Amino acid sequence: MIKKHGLTANKALGQNFLLDTQLLSRIAAVPGDLENAQVFEVGPGPGGLTQALLQAGAKVTAVERDERCLPALADLADHFPGQLQVINEDALKIDLSQLFDAPFHIASNLPYNVGSALLIKWLSSSAWPPAWQSLTLMFQREVADRIVADAGSSAYGRLSILAQWRCDAKLAMSVHRSAFTPPPKVMSAIVHLTPKEQPDGVDPEILAKLTQTAFSQRRKMLRQSLKGLPGGLDALKDAGIDGARRPETVSVDEFVVLARFLSA
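Summary of the structure given here. These numbers come from a predicted model, not from an experiment. (Residues numbered from 1 in each chain as written. Predicted model: local features only at pLDDT ≥ 70, side-chain atom pairs only at ≥ 80, totals over all residues. Heavy atoms only, no water.)

## As for the overall build of the protein chain
Per the secondary structure count, the protein chain includes 11 helices and 9 strands. For a compact globule of 264 residues, the expected C-alpha radius of gyration is about 18 Å, and the protein chain comes in at 20 Å, within 12% of that figure. Along the first, second and third principal axes, the C-alpha atoms of the protein chain reach 65 × 40 × 30 Å. Every one of the 264 residues in the protein chain was classed for burial, and the buried ones make up 46%. Within the protein chain, contacts between residues at least 6 apart in sequence are counted, and of these 67% link residues at least 24 apart. (Helix = DSSP H or I, 4+ residues; strand = E, 2+ residues; numbered from the N terminus. Rg over C-alpha atoms; globule rule 2.2 N^0.38 Å. Buried < 20%, exposed > 50% of the residue type's maximum accessible area, 1.4 Å probe, protein only. Contact = heavy atoms within 4.5 Å.)

Take a look at the structure:
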């Protein structure tokens, strides 16, 4: 398909094509049974993962910004009649509520340059549980480690908390750089997230602001980093959290408690 349409990965768009069919089938299996399931995919490129999802029986809505890839995806749509819809748009501008009227999965080999921004957007919905049933996403290994990290580890930070406070997050598999064309400079990994019940009394926007403030100066003690956040020091006192601690030592549950006091 790549040869037929003369495609090359565009570095500016964060593209690295994944062509290993066995690996792609394993990734498509991570969400579970996709027979007749709705799946949203970002950045399909020439359609490697798209094909694996279609072969699993999914009905895929794919958003591809790179117009060069559209003819290859059109060929794929012809091969799987009625299963693939392709939208030529920037994924960050897509309103998923306008695309799906039933629960759906999100599965993507995300472009490296927008992966974290998209994840935060999907995790920050004011309505919870979200319309999506699961996220199966490829990230640089460093980012994947941050998403699933435990408190106290060097990888633990804002992304860990935003992912874990109302999702179960796990590392589904590692992906070697040699699996891509062209090979990126870093290793990759698949992260699988499923929504869980949101803790009561917490405003997602306040939690997002709290974690951004705390980890913007992660080497400082909490009482230093949170003194500029209205109510921050009072929340520390009310939650019984020692202000001398650094943010990477504070668990997800403890940040939720802090956010609950700030949300009151």
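Okay, back to it.
## Focus: the environment of Arg-223
With respect to the helices, strands and loops of the structure, Arg-223 is situated in helix 9 (residues 222–225). Sequence-wise, Arg-223 and Asp-234 are 11 residues apart; in three dimensions their C-alpha atoms are separated by 9.9 Å. Not counting the four nearest positions on each side in its chain, Arg-223 is found in contact with Leu-233, Leu-236, Gly-243 and Ala-244.

## A short note on the packing of helix 2 (residues 21–29) against helix 3 (residues 48–55)
Where helix 2 contacts helix 3, the two axes come as close as 9 Å, and the packing angle between them is 60 degrees. By the criterion of interaxial angle, the relationship of helix 2 to helix 3 is oblique. Between helix 2 and helix 3 lies a crossing whose hand is right-handed. Where helix 2 approaches helix 3, its residues Leu-24, Ser-25, Ile-27 and Ala-28 are matched on the opposing element by Gly-48, Leu-49, Ala-52 and Leu-53. Here the residues of the contact of helix 2 with helix 3 are counted per class, giving 6 nonpolar, 2 polar and no charged. (Axes fitted to C-alpha atoms, helices over the stretch in contact; angles between N-to-C directions. Parallel < 35°, antiparallel > 145°, perpendicular 65-115°, else oblique. Left-handed = near helix turned anticlockwise from the far one by under 90°. Nonpolar A, V, L, I, M, F, W, Y, C, P; charged D, E, K, R; others polar.)

## Some thoughts on the nonpolar core
Counting residues in hydrophobic clusters, the biggest one holds 29 residues, and the most contacted among them are Phe-40 and Trp-122. Residue assignment for this core shows that the elements contributing at least two residues are strand 2 (38–42), strand 5 (104–109), helix 5 (115–123), strand 6 (132–140), helix 6 (141–148), helix 7 (158–164) and strand 9 (188–195). The residues contacting Trp-122, other than those within four sequence positions of it, are Phe-40, Val-42, Leu-96, Ile-106, Leu-110, Trp-128, Trp-132, Leu-135 and Leu-137. Core analysis: the next-biggest nonpolar cluster, separate from the first, contains 25 residues, Ala-37, Leu-54, Met-173 and Val-175 among them. (Core = buried A, V, L, I, M, F, W, Y, C linked by side-chain atoms within 4.5 Å.)

## Quick look at the side chain of Thr-61
Take Thr-61: it is sitting in strand 3 (residues 59–63). Apart from residues lying up to four places away in sequence, Thr-61 is in contact with Val-39, Phe-40, Glu-41, Gln-85, Ile-87, Leu-99 and Phe-100.

## A closer look at the packing of aromatic side chains
Evaluation of the coordinates by the stated rule reveals 6 aromatic pairs. Measuring from ring centre to ring centre gives 6.1 Å for Phe-40 and Phe-100, while their planes differ by 85 degrees; the resulting arrangement is edge-to-face. Taken together, the residues Phe-40 in strand 2 and Phe-100 in the loop between strand 4 (84–87) and strand 5 connect sequence positions 60 residues apart. As far as burial versus exposure is concerned, Phe-40 and Phe-100 are alike and both buried. Judged by centre distance (5.8 Å) and plane angle (85 degrees), the ring pair of Trp-128 and Trp-132 falls under edge-to-face. By way of ring pairs, the aromatic residues Phe-40, Phe-100, Phe-104 and Trp-122 are connected into one cluster. (Phe/Tyr/Trp six-rings, centres within 6.5 Å; stacked < 30°, edge-to-face > 60°.)

## Considering the sheet that holds strand 7 (residues 167–175)
The strand order across the open sheet built from 7 strands is 4-3-2-5-6-9-7, with neighbouring strands paired in mixed fashion. Of all the strands in the sheet, the pair left with one neighbour each is strand 4 and strand 7. Taking the axes of each pair of neighbouring strands and ignoring which way they run, one obtains an average angle of 20 degrees across the sheet. Looking at chain direction, strand 2 and strand 3 are connected through 5 bridges and run parallel. Paired with Val-42 across the strands is Val-63, a residue of strand 3. Contacting strand 6, strand 7 and strand 9, helix 2 runs over the sheet at an angle of about 170 degrees to strand 7. (Pairing = 2+ DSSP bridges.)

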